[in-house]
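Next come the chains, spelled out residue by residue.
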Amino acid sequence: METIPILENEQKSNDNRLTIIRKSPAYWSIIINNPPLNLFDPKMFAELNVLLDNIETDNELKVVVFESADEDFFMNHHDVENRTTVPDQPGAMPFFGNWPKFVTRLAQAPVISIAKVRGRARAQGFEFALACDMRFASKERAKFALVEVGGSSIPGGGGVEWLSALVGRSRALEIVLSADDFDAEIGERYGFVNRSIADVELDSYVDALAERMAKFEKRALETGKKMVNARAGIPSEGDLWMSNHILQGVDLWPEAGKAFSKMLDAGLGKVGNFELNFAERLGDLPTV
Amino acid sequence: METIPILENEQKSNDNRLTIIRKSPAYWSIIINNPPLNLFDPKMFAELNVLLDNIETDNELKVVVFESADEDFFMNHHDVENRTTVPDQPGAMPFFGNWPKFVTRLAQAPVISIAKVRGRARAQGFEFALACDMRFASKERAKFALVEVGGSSIPGGGGVEWLSALVGRSRALEIVLSADDFDAEIGERYGFVNRSIADVELDSYVDALAERMAKFEKRALETGKKMVNARAGIPSEGDLWMSNHILQGVDLWPEAGKAFSKMLDAGLGKVGNFELNFAERLGDLPTV
Amino acid sequence: METIPILENEQKSNDNRLTIIRKSPAYWSIIINNPPLNLFDPKMFAELNVLLDNIETDNELKVVVFESADEDFFMNHHDVENRTTVPDQPGAMPFFGNWPKFVTRLAQAPVISIAKVRGRARAQGFEFALACDMRFASKERAKFALVEVGGSSIPGGGGVEWLSALVGRSRALEIVLSADDFDAEIGERYGFVNRSIADVELDSYVDALAERMAKFEKRALETGKKMVNARAGIPSEGDLWMSNHILQGVDLWPEAGKAFSKMLDAGLGKVGNFELNFAERLGDLPTV
């Protein structure tokens, strides 16, 4: 079993956000790690793009499982202040306009992607999990939230598109407009996680599933995935692109700027209570 | 907190079916009350249209919660004998051909609508609840039924359209063709209610959700709702119109007339056992 | 109550796979019986076609319930070695290219079809159950699996189409790509069975539902079904045909031939452990 930082060969970065653990040629575990809050930032996006290049071209790979090195955060929201930065490293590109391509490529990749969720998956982090083919979540420790509307913004990373297809209009409206936390049990009941699993069993459960599928023929897996994609639908890149650009346009809303300032004051992006209890704290913020 | 009969200013009616309780400028509770059976009648439709005019134009309003003054009936089926009456009051218009417009407007309104369901929501009453953005229902006291097929008719108020999208083909067929009662637990499992909530907690649960959303920025809420509408789909007015007119055409079926007579004899529209146990009683009626 | 082998009049076969129990003119129970493994074979397909001719033209029939005479297998996978045989009997036709027509006709038939599932419904057997309008399954004894991908093949009988619509993309991918068993409880939670019912209550539950619907007017039932079909969608014959032909093309994959040989050696199509525990055994087979 090899452990490989995603940028190992390129040596362009000392701060890998993603590390590949090659459990076998057919099954990789991908560790997400951007301390201290596991924010989604331009370097993480760049590394995801490099990973996807690998995923698309590896002839032996069948299953990738994404998990977090941080027990509190599976993957967090954007590092908002650096959201438009484009770092000088492989795979780097602007988030706006390019995230829809990533989602589309991952959903159509000839490899099965699984999000194994412990801790918080909020905003962009939830939207990344939704872009994976399947989600299995810790009954005790997973929390999902699209907090954007509570911060005078909207989810622009695919959350609306995936949830609308998975949970239907009324529950998608509840998740998007309440901007609140939803645990794994509700996720299973609503349908946005495949299953809620007791935390103590989550690793072995996902491992067994991944190993099982990794034994099957790649052509059969890929054909099965393409067939489901054809009928169950994946959001079009155009649909994703429109949401992505609605989010970009939110910067023109004065109330979004005010809410952002207020959230920064309350602890946004800093280690502490606000980040741990983001959705709850949104309900407490005085009206903007 | 102001309490306002919907027709207060117009003084055209002494028998308000709807009363607005303005909990705040952003959050209204709408009380449905048409004793003794909370039938949906042309006056109630007229008041709903007036309410919708208000909802669409109020710049401060963000959330409306519909609830019933009658603990046995959230909202009941049509007052069938008066179904084609057009009363002389604001908002009055023929049900056939115009209900689809109401549903379409409510689903696209810049305000979030929630049905808080206690008691029976049957036929048109269930279809109204389905037209709301979200539904939260009393675990012990809510009952949902599309009784139409059991009375040799069909649901023409949007029930087929919403259920098909929320619960899928097989469960929509079960609900429509069995014409039976479904409680809140099944509603949650099938997906046509957001959640089943213990009756004692229902009020505070919905109140907290409504208050939370009412704190958020109206533009963010409205944009989020439009985005979900764009992807999750709302039935087109054309689709709703077709169902509405299939229902209208049922008057040409001889078996529908016979079933209607039989149900009238059994207690349709009268206070008593038949109305309380409509779906159950349908199963007992001798074959038409 | 009459019991009628489906081919009684034609006398072309001594080995009826289907027997009609006419519980009433409006409600038939169809017994599936092809000992010893209840494999789906060309004779069973022929009899299903004859049955469908009857279903489509009978003016009194309203509900058909499919159940198995074999407590271990509701309906099993293809009798693979005889898959392309066309027997000399009424209703016989090649499976490839014609199964999509059967599914389309059943879904649009003016009669409600219910699968009452005990035992295993695997591969084609699961796909047949999915083609029925509703599914009620034994909590203790039903098992559903699309085992194809585990055997280096793909589901070509409609499984992808129906599951994509009923359970959404992520759970459809899980079912198709894991090729594993799913019980009735998960089936209910995921949405591919209407309800999981305690085995001891299953018969009376389905019987009561069928009898209830059989009392209602045929025109109302048929109109309700057509309305749900129009909005909830049934897979198009073209979509089903494409999956059917992808499956046919799998014979060109060398890995499929190897997997087939390996499964034959392990006990495919023979009474014993492999057939009882097909999905589990797939996970144990050494990599092809």
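In case you missed it, the structure is sitting above this.
Small disclaimer: the values here were computed from a predicted structure and weren't measured.

Let us now look at the packing of helix H2 (residues 99-108) of chain C against helix H7 (residues 218-232) of chain C. All names here are of chain C. The geometry of H2 relative to H7 is characterised by a closest axis approach of 10 Å and an angle of 125° between their N-to-C directions. Accordingly, the angle class assigned to the pair H2 and H7 is oblique. Contact with H2, carried on its side by Leu106, Ala107 and Gln108, involves Lys225, Lys226 and Asn229 of H7 and no other residues of that element. Of the residues assigned to the contact of H2 with H7, the class counts are two nonpolar, two polar and two charged.

Frequently, the measure chosen for interface size is the accessible area that the parts lose on association. With 34 residues of chain C at the interface, the matching set in chain B holds 40 residues. Buried surface at the junction of chain C and chain B, summed over both partners, amounts to about 3,100 Å²; 58% is from carbon and sulfur atoms. Considering only the side of chain C, the residues that lose the most area to chain B are C:Arg212, C:Met227 and C:Arg231, jointly responsible for 23% of the buried surface there. Summed over the shared surface of chain C and chain B, the result is seven salt bridges. The closest approach of N and O atoms between B:Asp239 and C:Arg231, which form a salt bridge, is 3.2 Å. On the surface where chain C and chain B come into contact, there are 20 residue pairs in polar contact (both at pLDDT 80 or more). Among the elements that make up the side of chain C that touches chain B, the one with the highest residue count is H7(C) (11 residues). Residue composition of the side of chain C that touches chain B, grouped by class: 18 nonpolar, six polar and 10 charged.

Residue and element names in this part refer to chain A. With respect to the helices, strands and loops of the structure, Glu60 is situated in the loop between helix H1 (42-57) and strand S4 (63-68). According to the relative accessible area criterion, Glu60 is exposed, its value standing at 52%. For Glu60, the contacting residues outside a window of four places in its chain are Pro25 and Ala26.

Looking now at the relation of the copies chain C and chain B. Rotating chain C by 120° and translating it 0.0 Å along the rotation axis places it on chain B, where the RMSD comes to 0.0 Å. Within this description, the copies of the chain are treated as partners about a three-fold rotation axis. Across chain C, the rotation axis passes nearest the C-alpha of C:Arg189, at a separation of 4.1 Å.

The rules behind the values
- Residues numbered from 1 in each chain as written.
- Chains lettered and ligands numbered in written order.
- Predicted model: local features only at pLDDT ≥ 70, side-chain atom pairs only at ≥ 80, totals over all residues.
- Heavy atoms only, no water.
- Axes fitted to C-alpha atoms, helices over the stretch in contact; angles between N-to-C directions.
- Helix = DSSP H or I, 4+ residues; strand = E, 2+ residues; numbered from the N terminus.
- Parallel < 35°, antiparallel > 145°, perpendicular 65-115°, else oblique.
- Contact = heavy atoms within 4.5 Å.
- Nonpolar A, V, L, I, M, F, W, Y, C, P; charged D, E, K, R; others polar.
- Buried area = accessible area lost by both parts, 1.4 Å probe.
- Salt bridge = Lys/Arg side-chain N within 4 Å of Asp/Glu carboxyl O.
- Polar contact = N/O pair within 3.5 Å; in protein donor to acceptor, adjacent residues only side chain to side chain.
- Buried < 20%, exposed > 50% of the residue type's maximum accessible area, 1.4 Å probe, protein only.
- Least-squares fit on C-alpha atoms with pLDDT ≥ 70 in both.

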